[in-house]
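So the chains spell out like this:
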Amino acid sequence: MNDLVAPASAAEAPITFESHVRPILKAQCFHCHGEDGEKKGGLDLRLVRFMATGGESGPAVEPGKAQSLLLDRITSDEMPPGEKKLSAAEKSLIERWIAAGAKTAKPEPQQLSEFTDDEVGFWSFQPVRRPPLPQVTAHDRVRTPIDAFILAKLEAKQLTLSPEADRRTLIRRAYFDLVGLPPTPEAVDRFIHDPAPDAYERLIDELLESPRYGERWARHWLDVAGYADSDGYSDKDLERKYAYKYRDYLIRALNADRPWNELIQEQLAGDELAPAGFKNLSPTDADKLIATGFLRMGPDGTGDTAVDPNVARNDCVAETIKIVSTSLLGLTVGCAQCHTHRYDPITHVDYHRLRAVFEPALDWKLWRVPQARLVSLWSDEQKALAAACDAEVKRLTQERTDAYEQLAHEVRERGMEGLEESLKQQLREAFKTPVAKRSAEQKALLVKYPKANIPVATFLERNAKAEYTAITDRFAPLIEAAQKRRPAEDFAHCLTEIPGRVSPTFLFHRGDFNQPKQAVEPGELAVLCSTGGGKIAADDAQLPTSGRRLAYARHLTDGRHPLVGRVFVNRVWLHHFGRGIVNTPGDFGTLGERPTHPELLDWLADEFVASGWKLKQLHRLIMTSSVYRQESKAESGKLKAGEHVQLSALGSQLSIDSDNRLLWRMNLRRLDAETLRDAILATSGKLTHKLYGPAVPVAPDEAGQVIIGVDTRDGAGRPTGKKVPLFEEEFRRSVYVQVRRTLPLAMLDAFDAATPVPNCTARSSSTVAPQSLLLMNNDFVVQQADHFAARIIAQAGKDLTEQARWAWRLALSLDANSEQLATAVAFIRAQTDDYGAIKTPSMMANIREQRALSALCQALYCSNPFLYVD
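Described in the following lines is the structure provided in the data block. Quantities reported herein were computed from a predicted structural model and do not represent experimental measurements. (Residues numbered from 1 in each chain as written. Predicted model: local features only at pLDDT ≥ 70, side-chain atom pairs only at ≥ 80, totals over all residues. Heavy atoms only, no water.)

Some details on the side chain of Glu266
As a reminder, the rule being used: Helix and strand labels come from DSSP, where a helix needs a run of H or I of at least four residues and a strand needs a run of E of at least two; each type is numbered from the N terminus. Throughout, a residue-residue contact means that at least one pair of heavy atoms, one from each residue, lies within 4.5 Å.
Following the sequence through the fold, Glu266 ends up in helix H13 (residues 260-273). With residues up to four places along the chain from it excluded, the contact list for Glu266 reads Tyr249, Arg258, Leu273, Lys288, Ala291 and Thr292.

Here you go:
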């Protein structure tokens, strides 16, 4: 938002300081004239009477007089300093306000309070209150309370819900929403022909029990957590070998439908919930520790020795605060890092109070680099086994070395046969002497008799290869056996505190860590404490660590916080409908959008908490509503018999609510990046359903495009041409593909995959030419189209009509009509003829036919019915 001028009401009603002028001055001027102790030129602009008193240059405003010092400075663009200036509309509004008497909405307070009544009364800072269900006329469409709230808004505009979508549309919609994959033809047929009245509800339950559900919905939270398998920050972008454990934790937790109040507590303070010392952790306790990977997802350059360590440390803390505040609070707290927030009631002190919550674990003066933060998940038994294996390997290595040395000695002695004993002894002594300590005579002697000066392995390779190989072969299986018994390294990429070590947090003037001011205690944002609560204890005597993060996590999840529940359910709503009730999911503040259905948002937030913070129940509530089950038709199309009334109503609804903010129909949504890739793999039959594990690597190919593959570039970053097969790992779901901040996978990047900078609170959904070009030319897409064609031929045989029929069913979950089948068959035949003109041995008849079918398959991948969910 570039302009803070109020809409028409500013011209129709009296212009007041609180409603119209103060927001502009707060955004552009307060940080130099009033806030955080700054009063440049002695001028404070926070109250009208302060302006009238003025500063060193005299009064800033004189009510009723158009000309004033304040107006002169802003109209000349002398103020505010810097590139950003007030807009013409903002300048005009201030001029009209002064000319009209510089009025306030009410008498100004005798003492300046930290926030205005309007700021404290802002909608998102108010307690969540469960509203009563509204009464509606179309009560036959009310399946859940959601329908009543939506219908109430619609009926107020003389609108109503659209008809329910057909079953083919509903099953495809449900599959992509809950598991991120297309339904199989068998699943579609089963659902369509299920006569039971609860067929749809059972479908939802079936999908919620699928292990694929956790994979789909973990990806949504990974966006806001800023998940990455690399540190980012600098060009080195060092890999995070064990970050994947956090991703797997989320998938397990979501599949198990664990309450989200527990998950929030574990992600903020799981280390303070796990047994102290982290020894012999059960899988449940290990997950608590792994959960704190949430706080280790932001960019962290402290492992790169080429960057300024103090800057990198404080940047890491700042990025972590941004991730926490936007994901859980839906507020841009990071904007108060250098000065009080320009738009929201979040002070510079507030920012550092929140920083104090996390600083015991992210102490910039006593920093631990990423590798030093890893915590071993080995049990004592595993540690003992590893130590025994290491000792065995060491013993065997020494025995092998001794055997090599003995053989070398024997061969060397044989090579000195015929020499005088005194010379032999001199050669022996010269060889044993370290190179740096050899005398000139010894060096000359070894040059004269070179066989006595060759390294053992080289010496034996040249002079006793058979005996050398025999020793190697004798010990190799014993090395190998000991290493196989050794347990694999296992670490948690997590955040922990060092017990008994808590440094004070200081307010950094202008965000500069070189300018520390007063010490700050941990606490909640002050504007959220106006109704009591929010105090965070600086130390918990019951814990070996400070307990600050745990206290904060419990405060956020006590069920009374005004933001956490609203922000969470809004994000879930966004993923089901394509837009949130608040369509700025990471900003519930002044610059964010206002809720289209505030009562519904509060009802959902209250219901979510009252139902035990269970996400699957929230899905059921949303997806069984009539609102969710609507068709998405938004254009009139061809008039069919009996449809004139419906189409007339549709035109009316489009004219009243063209953006569908009131949800009179379902939104048409494009598949997101990961779902698109997964859908391609699912239809081709190549998708691997393996759960969990290390990330599938990505690397640039010879052309510089990032693909799935092992990075085989040399030390200078040049391609070597070497290929390392990944086998079925290459075709795993996209949630398992490595997220490198500097190497986004091209297939996902083109379709608006999340960019973790430091996190992604809402993805864009673009439609641009490079997407079409990728689908037409990308090697992955072409290869999968080939696999898709082979799958169809295995199912349908040589019959072209059957091939087309199966292509439609597998790719689009539709039965192709006669016109579509005829067009598809004609296309396949034409393509086969075109390939027939290519006279090469590789273009045999059966190959031409499959290539032609592959072209059809690729065309379906490029089609709107494949790319969009109705």
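What about the packing of aromatic side chains?
Condition: A pair of aromatic rings is counted whenever rings of Phe, Tyr or Trp (Trp by its six-membered ring) have centres within 6.5 Å, and the orientation is called stacked for planes under 30 degrees apart, edge-to-face for over 60 and tilted otherwise. Each residue's exposure class comes from its accessible area (1.4 Å probe, protein chains only) as a fraction of the maximum for that residue type: buried when under 20%, exposed when over 50%, partly exposed otherwise.
Counted according to the given criterion, the structure contains 21 aromatic pairs. Aromatic pair Phe149 and Trp603: ring centres 6.3 Å apart, planes at 50°, arrangement tilted. Taken as a pair, Phe149 in helix H7 (residues 145-156) and Trp603 in helix H25 (residues 598-610) lie far apart in primary sequence, 454 residues in all. Relative accessible area serves as the criterion here: at 6%, Phe149 is assigned to the buried category. Centroid distance Tyr861 to Phe866: 5.2 Å. Interplanar angle 55°. Geometry classified as tilted. Accessibility expressed as a relative area gives 0% for Tyr861, which makes it buried.

What about helix H23 (residues 548-556)?
Because the α-helix completes a turn every 3.6 residues, residues three or four places apart line up on one side. Most of H23 sits out of view: seven of its nine residues are buried. Among all positions of H23, only Arg548, Arg549, Leu550, Tyr552, Ala553, His555 and Leu556 are buried. Contacts made by the buried residues of H23 are with H13, helix H15 (309-329), helix H16 (348-358) and helix H24 (564-577).

Some words on the nonpolar core
Spelled out, the test is: Nonpolar cores are built from buried Ala, Val, Leu, Ile, Met, Phe, Trp, Tyr and Cys residues. Side-chain atoms within 4.5 Å join them into one set.
In this structure, Tyr246, Trp260, Leu268, Trp573 and Leu604 are the most contacted members of the largest nonpolar core, which totals 176 residues. Among the elements that line this core, the one with the most residues is H15, at eight residues. Other than its neighbours up to four places away in sequence, Tyr246 contacts Trp221, Leu222, Ala225, Tyr227, Gln267, Ile290, Ala291, Gly293, Phe294 and Met297. Core analysis: the next-biggest nonpolar cluster, separate from the first, contains 22 residues, Leu45, Val48, Met51 and Ala60 among them.

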